[in-house]
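Observations on the three-dimensional arrangement
These are the residues of each chain, in order.
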Amino acid sequence: MNIINDFLPYLHLCPFVFVFLTGACILILRMIYGNQLAMVSYAITLAVGFILSIISLLFDQNIEKDYIYGESLLNPGSFDKCILFIMLFVTILITMSSYKYLEKKKIKAPEFYSLLSWATLGAMLMVASKNLLIIFLGVEVLSISLYVLTSITDYDAKSSEAGFKYLIMGGLMSAVLLYGVSFTYGFTGTFQLDTVKHILVQEQYNIYGIKIGLIFLLTGLLFKSSVFPFHFWLPDVYQGAPMVITSYLSTVSKTAAMSAVYKLLITFMTLKDVWLWPFVFMIIFTMVLGSCMAFVQKDVKRMLAYSSMVNGGYMLTGILSYVMNVQNIDQSTMLIFIAIYNLGSVGLYNVLSTLVKEKSEDLPYEQLHHLKQFSKLGWFTMVIVMFSFIGIPPLGGFVGKFLILSDAIDSSLMPLVIAMIISSAISTIYYLKVVGHISAENQSATISNKVRSEKTVGYYFVNVVSISAIVIAPFVLKYFLNITGK
Amino acid sequence: MVQNIFPNFNYFDITGPRIENNPLFQFVLFITACTVIYGWGYFENSSKRNYVLPLLILFGLSMAGLVIANHLLWLYFFWECTSVFSYLLIGTYYEKKESRESSLQALFITGAGGLSLLLGLLLLGEHSGSYYLSEIQLQHFNLEEPIWSTIVVLLLFGIITKSGLLPFQGWLPNAMVAPAPVSGFLHSATLVKAGVILITFLAPVFQEMPLWENSILLLAGLTAWYGAFMALLQNDLKKALAYTTSATIGLIGFASWTEAGNLVAFSWILAHGLYKSASFYFVGIIEKKYESRNILKLRKLFSIEFFDKIIGFSLFFCCIGIPFTASYYAKKHLVDFYLNLFQQNYYAFVLCTIWQSLMLINYFRILVFPYIGTRERYQAMHESAEGFQEKSVKTISIWMKVIPVVLAISSVLSTFKLSQRVTIHASDVGIWEYFTVAVYGLFTLLFFMFYRYHHFVNALGKKLYTEILWKWCYKNKLRMIEKIAIMQTNIVQNGYLRYYLTMFVVATILLLGGSIYFYSETFIRKPVTEILIYELIIVAMIIIAAFMSTITRSRMASIVSLGAVGMGCSVLYLFYSAPDLAMTQFLTDTLIVVVMALLFYDLPRYSRLSSKTDKIRDGIIACIFGGVISILVLSVTDAQIYTEVMDTMLKKTIPEARGHNVVNVILADFRAIDTLGEISVLTTAAIGMYGLLRIRTKKGGDES
């Protein structure tokens, strides 16, 4: 029993360690067996690693601990744990939908999966920590893995371009973020966000330097969460990246960035007058301009990039309403929106990944034709997800939007509410356009179903999970409204 | 707010007390049943039957839910359901582009209205303290507070888009691309009434509010007149019917804003629902049989069957409201209401009469005019170059014939229900008689005028519709939005990395500059020490080198000048007694110069991508950015820095580590393991770089 007792202080690190080891294991497997080992086995390794991670995440709540190792560095609260759970689950789904796609694209599985697991590790660090340095570390681990993953198809010039653009811009913004971290440390003497908050409440230090630090920090993180005017990387990267990575970018990476922004805003609440109005304007522009730009795109992936930007705006609206009115609003609103958005997106990209061609990542609208003959389930998933994104009751997307709207009204953020409504109205058009194209049965269409990849068990599973999440959401909503136990 | 709504929210308690004795509920179910039977016949031998009929039933159920919903969220839910099913039903013939465009337009407009309605309902629920309609209707609020105006505006926006009142009536005529059962059911009997039904629900709450009263009266009145005139200009039977529907909804809205008008509104909703859907079904029969719904073409046909003429005539009488049909009583209630409302103001009476006469002409044009008369037919036979010939008449299902008859009969039967209340509200029977006579007289007069000039009217109508309404009012607006979006996308997102970076820098400048401007307490502090001459020289060298690196043509020169900037910085560090920092800077710079030189070796020559103005712009931005950062650093140095760590370290250094250089002690003693980690990372990086370089030389070797 002694061994177990000795192990207890480290138990909360298990999810992270499992994810890290998974990546390492895959590389070792690659070293031993080479590329003969089927992609499926790599995918299974990854999924098992993540499932273990999820299990350890769920189990470590009930253990009483006197002493926790590294408490100040990694100590996720119940809200963070929910986010971690969503992220890990989504990554499993992405893994399940990926291996046929990788075969089609001739992407090397070991590299891909190990980078994917380390990217997830970075995202988890961003979510789980309240230490600025660890958050920065998470951002870097996530970003660097994603730079490589984005340009992993070496024969595709667009993919390389996307990776390069992402690298340059991400590098600039990482520098800005680090500058912010050092400013904050210089003026408060701590990396801990809790302590910073305490200091700000007591006003015992010079606030001006902290304000400057905050501006840098926010700039760096808003780049990650692709808020206007830091969204420029988004469409190019989304379009150039392999479909699975696009899916990952718009779900896990985005969620992690949102979680970091949320922690930042909670911490710097007392400096509201510095960031509130610029931030509100940025969100308004994100939502309205984002949906305007999505409206004119001719490529589905580009359109979805802007759509993810707009949804990010909704998430930020939810976060802001919570931060402004902590007493009366429940965190679960954000969780529900994020969960539904993530699961819907995964299903959507899962279907789209079967439709792209072998050599090119472009996906013009015409390539969606004949989806109904190719896969009825895929067609149904797309329709449900699109209707959910539009916000048609009683689907999950409506519930999410509704909760966020009512929170925003409660916090009297009327400009955001109006902007959200305008952008929702515009977004109806481009989502319906997708529905129209997937239902079209144009005889002259040149794209045959032959280029489309096979459907696997993973494909069906992801679609079913996605649909059921969206359809069931409103009926189980009651049980999730107080999940964080606030 | 969520906490207010959900804990008391029972998913199965939809109706509350609103289901008891609700005539609208029964009406909707009845019309649904009729439509489904009619649709069964209409889609005989068509693959669309399995698509349309389930949707019709679903739509009917959601409409029934809408009229009995008590909780505001349920109301909204059913409201949106009707929008969605309407979208799917308008797009029944989704193979056709016109069909897709029209359905999209309908969903776009009603969807936007729906969002506004949601917001309005949420605010209503929050500010009235209850989400139950039956409770809200009983309360009295202080309507002078500004929030109520907001609520009314939001709600009305939802209502006018859904009901197709001006200025959002455009989608209704276009929705007529749908098959007849859909048009008859959705776009005359039920869906478009949703808005006015909601007005009647909310009338007890808002009727004393001038904003509510005036805006409804204005919009509804305008729509009524607009619809009546536009219908006159249409050649398409269904479009003409759609405009008359629009006009009638305007009329109902005109009456429904106050609680006193509820009876009028309800009787009109019922009566109009019956006769208008019957008319649509009749037009559906005509369309099926003679394969045309153009009034002029139909007039040139020879063989209109007797059955059709009879149905047309009898529906015409239902529409104009001859005694003992539902619309007779509806009109009677209306006249009573107007006279009460306007206190015997006879201008209103005259206006109402003219409007009624216009509507009579419309109904005559639709239901009677195409099937009677001989003159044009003879003309067509003798001198027709276009050669209208005898078309074989298609046979239609018996179910299609039955339903208009059933509806016409029920229009008569429903008077039992409506006439019961007549005695309660009838005030002045004499006026009503005059009204009837006046309407018929005017109708006859206008009809002869119209009959004489109907070609001119038709041409005008076509022009007005296609050129102005569809193209200018909707298409061009939509295209304008698209143009703006494209333009803005081209400006904001043009695909060039250099442009994106510029934007990042500009945004950072704005944020930082703003915060410095607003929050900096002291501007720039004075230097602590005197500035010496050799320091100045070094600074000047750095500036010159930086400038050189931007203007030089040679890539090597540019790299070398960057190196010079770094060296200058390290010398400055040296002056301010930070030898370790200077060393690091020195090392890094050397490495960077070497690596860059290696990297750039293989790249193609410089090409000119930016014009002179671009360069000047970039230069200005760069200078401002540099300036902002300099000001920032200078202003921050004045601020009080957290010194605890510094002090502890200074105290600890000598007693614990016996060293005088604090930084060295930290690196090599207090944080020795960290330093070890750093060294190993650096070494790993160096090995990686060596590996990369080897790959390059190997390749080079292969080539040589």
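**A look at the overall build of chain B**
In terms of helices and strands, chain B carries 30 helices and 0 strands. Across the 704 residues of chain B, 49% fall into the buried class. Contacts in chain B between residues far apart in sequence, at least 24 positions, make up 80% of those at least 6 positions apart. When the accessible surface of chain B is summed, it comes to about 35,000 Å², and 68% of that surface belongs to carbon and sulfur atoms.

**Brief notes about a nonpolar patch on the surface**
All names here are of chain A. A cluster of nonpolar residues, Val40, Ile44, Val48, Ile51, Leu52, Ile55, Leu58, Phe59 and Phe85, forms a patch on the protein surface that exposes about 770 Å² of accessible area. Per-element accounting of the nonpolar patch gives the leading share, 8 residues, to helix H3 (residues 39-59). The residue Val48 is located in helix H3 in this model. When its relative accessible area of 42% is taken as the criterion, Val48 is described as partly exposed.

**A word on helix H18 (residues 414-439) of chain A**
Residues and elements named next belong to chain A. Counted at 1.5 Å a residue, the expected span for H18 with its 26 residues is 38 Å, and the 37 Å between its end C-alpha atoms agrees. At Ser427, H18 is deflected by roughly 25°, the largest bend along its length. Burial analysis of H18 places 20 of its 26 residues in the buried class, which makes it a mostly covered element.

**Observations concerning the pattern of salt bridges**
Within this structure, the stated rule accounts for 10 salt bridges over all chains. Across the pair A:Lys165 and A:Glu161 runs a salt bridge whose closest N-O atoms are separated by 2.8 Å. Taken together, the residues A:Lys165 and A:Glu161, both in helix H7 (residues 157-188) and 4 residues apart, mark about one turn of the helix. A:Lys165 gets classed as buried once you look at its relative accessible area, which sits at 5%. Among the salt bridges present, the one from B:Asp674 reaches B:Arg671, with a minimum N-O distance of 3.8 Å. On the accessibility criterion, B:Arg671 (48% relative accessible area) is partly exposed. Through salt bridges that share partners, A:Glu161, A:Lys165, A:Asp236 and A:Arg302 make up one connected network.

**A look at the packing of aromatic side chains**
One pass over the full model with this rule turns up 40 aromatic pairs over all chains. An aromatic cluster is present here, built from A:Tyr147, A:Tyr166, A:Phe223, A:Phe230, A:Phe232, A:Trp233, B:Tyr500 and B:Phe504 joined pairwise through their rings. B:Lys288 extends its terminal NZ or CZ atom over the ring of B:Tyr42, reaching a point 4.4 Å from the ring centre. Cation over ring: B:Lys652 sits above B:Phe670, and NZ or CZ is 5.9 Å from the ring centre.

About the criteria used
Residues numbered from 1 in each chain as written. Chains lettered and ligands numbered in written order. Predicted model: local features only at pLDDT ≥ 70, side-chain atom pairs only at ≥ 80, totals over all residues. Heavy atoms only, no water. Helix = DSSP H or I, 4+ residues; strand = E, 2+ residues; numbered from the N terminus. Buried < 20%, exposed > 50% of the residue type's maximum accessible area, 1.4 Å probe, protein only. Contact = heavy atoms within 4.5 Å. Areas by Shrake-Rupley, 256 points an atom, 1.4 Å probe, with all protein chains shown as cover. Patch = residues over 30% accessible without salt bridge, like charges linked within 9 Å, V, L, I, M, F, W, Y side chains within 5 Å. Salt bridge = Lys/Arg side-chain N within 4 Å of Asp/Glu carboxyl O. Expected span 1.5 Å × (residues − 1). Bend = angle between axes of the 7 residues up to and from the residue. Phe/Tyr/Trp six-rings, centres within 6.5 Å; stacked < 30°, edge-to-face > 60°. Lys NZ or Arg CZ within 6 Å of the ring centre and 35° of its normal.

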